[in-house]
Amino acid sequence: MNKKNVIRWTAYILVTLLYFLLIFNRNFYIQPFAEYDSTLQVKLANYIYHGQWLGPYTSINLAKGISYPFFLVLLHAVKLPLWLGLGVFNLLAVSIVVGSLKPLFNKKWMSLLLFGTLLLHPILFDVSQATLYRDSITYGSILLLISWVVGTFNYSVISLSKVGILFYSLIGVIILPFWINLREDAFWMYPFIIVALLVTIVFSVFNNKWKQTLCLIVICVLPVISMYGVNGIIKHNNFIHYGRSVVNDYVSKDFKSAYGALTNIKTNQWVINVPVNSQMRARAYDSVKDFKKLQPFLDGIVPGNTGYFKNFGVAEPSFGNDYQGGWFFWALRRSAYLSGEANTAPKAERYYTKLSKEINKQIKEGKLKGYSKERASLSSKFNIKSIKPSIKFSGLAIKQIVEIRWLNYDVPYVKADQDNAYLKKMADFTKAGFPTSNVKDDRVPIFKSLRWLSAVIELLGGLGVIVYIITVLRKSRDRNNVRSKEELGLVIIFIGIMLEIILRIIMLGYVSATSFISLSNAYLSSLYALIAVESCLGIEFFFKSKKIKTKNKK
């Protein structure tokens, strides 16, 4: 091993050591009152570990992805504390994505820059990544997801390697079902996955023999087969335990149809982030007998009513507090469960199916004011008035990500949480420490320094892309200027990831305007990961532009 390689590998080791020193024995923000978030995830993991699948049926235990609970089960089984488990997971994810992009880099130190940028990104030290919730692993998960797609492309088109293709196909077999069952909105990465695999196959058709292309197609399809296989196992277990063959009954057709039908009711008092306001519910109570059964829970004062969800909502001009979009889902499901109409999985399916049909029928017959076109969706009904606020929130998302703003490194101490008996159970199961007083973290100055370093790398990446575009435009008429496969691959991957970033920002902007504010670092962590990758690719573009100039001089 020559001197340069020794220095480079020493740098890799030092970056890794620094990362683990910064997360060593870190405290976590444990929220024992978060029954729909952290508490639910740990409860599901506890049930799975003790062989009870997802526990007794409730309105929420089939409504969230189960990847994170299984992640917690794995750490609990091997007796790893949560800080170390997350650290190892992120290290593996970063290492694997660096390997997938390696064929695009002309200089070996670019892989080191990408490794350091991703592993020491300031978002990894934000409080959002120190919670007992699934968003703490989306950073590493999305890196593994793009490494599968990018690695398959690079090692079948750019740098031919059977080992590389098989390795990243194996990554796909593991990460695709994991990603799909991590969050209910995981579909936003579908366009990138589908287009990237199609591009890979098209390139293979032109570069390889038909037998090799056929093998590549099979390899590309394996992760998809794995996803359907894992989902099939989940469906089977849910059928055995709850009597319903479904992966997730929150995104099931029956619930989406019921929710969509309710949002189809017309109202005189439109509020942008209240998709089913009190006037709409009142009209539904009068016309739809099956919905009337939920009134005591949604808008009544019976024990266990869901009115407390309105405290998380907004004040309507005419009706006072009401259910914000992001909370009405859960209020509807809980009310249906408490009323007895949906207290088992099969009954829930029948109830929501019947409810949607009844509302749609009443609308078509003119007995209920509404829109005749049926919809099955968990998003608010589109209104042209939503465009301007959505653009505003999308702009805020861009500003927050680019400037790496609003990071909070001190895990909060909440006295009310300390007094909750379930907090210690959550901490024991996950081996996660938590603050017992308001003590500031000594590592915060280092975290802030990393924020500025990441911002500089983003700036250099942006400048690199600009220089490359200008260079390409200036030399576009030069017939002697031939693009290399590496350069073409870099352009394709960069554009693909950038389009996904734009799509995600638009989605979060629309959700923030019409449902609930989703610009927290928890929801943005996956975008931070993608932009960090794009920044390093942008720096590589700068060196590619210098190479173009050198070619033309020759």
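### Observations concerning the pattern of salt bridges
Within the structure shown, the criterion is met by 17 salt bridges. Here Arg281 ties to Asp322 by a salt bridge, and the two come within 3.0 Å at their closest N and O atoms. Of the two residues, Arg281 is situated in helix α11 (residues 278-287) and Asp322 in strand β2 (residues 320-322); the sequence distance between them amounts to 41 residues. For the pair formed by Arg281 and Asp322, the shared burial category is buried. The salt bridge partner of Asp299 is Lys310, with a shortest N-O separation of 3.0 Å. In this pair, Asp299 sits in the loop between α13 (295-298) and β1 (314-316) while Lys310 sits in the loop between α13 and β1, placing the two residues eleven residues apart along the sequence. Each member of the salt-bridge network shares a partner with another, and the members are Asp135, Arg183, Asp185 and Arg504.

### Observations regarding the packing of helix α7 (residues 162-180) against helix α9 (residues 210-242)
When two helices pack together, you describe them by how their axes are tilted relative to each other and by the distance separating the axes. At a closest axis distance of 8 Å, the pairing of α7 and α9 adopts a crossing angle of 30 degrees. Comparing their axes, α9 and α7 come out roughly parallel. For α7 against α9, the interelement crossing comes out right-handed. For the pair formed by α7 and α9, the contact residues are Ile165, Leu166, Ser169, Gly172, Val173, Leu176, Pro177 and Ile180 on the first element and Leu216, Ile219, Leu222, Pro223, Val224, Ser226, Met227, Val230 and Asn231 on the second. Looking at the contact of α7 with α9 residue by residue, the classes come out as 13 nonpolar, four polar and no charged.

### With respect to the environment of Pro177
Relative to the helices and strands, Pro177 resides in helix α7. If we ignore the near neighbours within four places in the chain, the residues touching Pro177 are Ser67, Gly172, Pro223, Ser226, Met227 and Val230.

### Comments concerning helix α10 (residues 253-263)
Most of α10 is tucked away, with nine of its eleven residues classed as buried. Where α10 is concerned, the buried positions are Asp254, Phe255, Ser257, Ala258, Tyr259, Gly260, Ala261, Leu262 and Thr263. Turning to α10, the residues buried within the fold contact α11, α12 (289-292), α14 (325-338) and α15 (345-364).

What counts, and at which threshold
Residues numbered from 1 in each chain as written. Predicted model: local features only at pLDDT ≥ 70, side-chain atom pairs only at ≥ 80, totals over all residues. Heavy atoms only, no water. Salt bridge = Lys/Arg side-chain N within 4 Å of Asp/Glu carboxyl O. Helix = DSSP H or I, 4+ residues; strand = E, 2+ residues; numbered from the N terminus. Buried < 20%, exposed > 50% of the residue type's maximum accessible area, 1.4 Å probe, protein only. Axes fitted to C-alpha atoms, helices over the stretch in contact; angles between N-to-C directions. Parallel < 35°, antiparallel > 145°, perpendicular 65-115°, else oblique. Left-handed = near helix turned anticlockwise from the far one by under 90°. Contact = heavy atoms within 4.5 Å. Nonpolar A, V, L, I, M, F, W, Y, C, P; charged D, E, K, R; others polar.

Remember, this is a structural readout, not a statement about activity or role.
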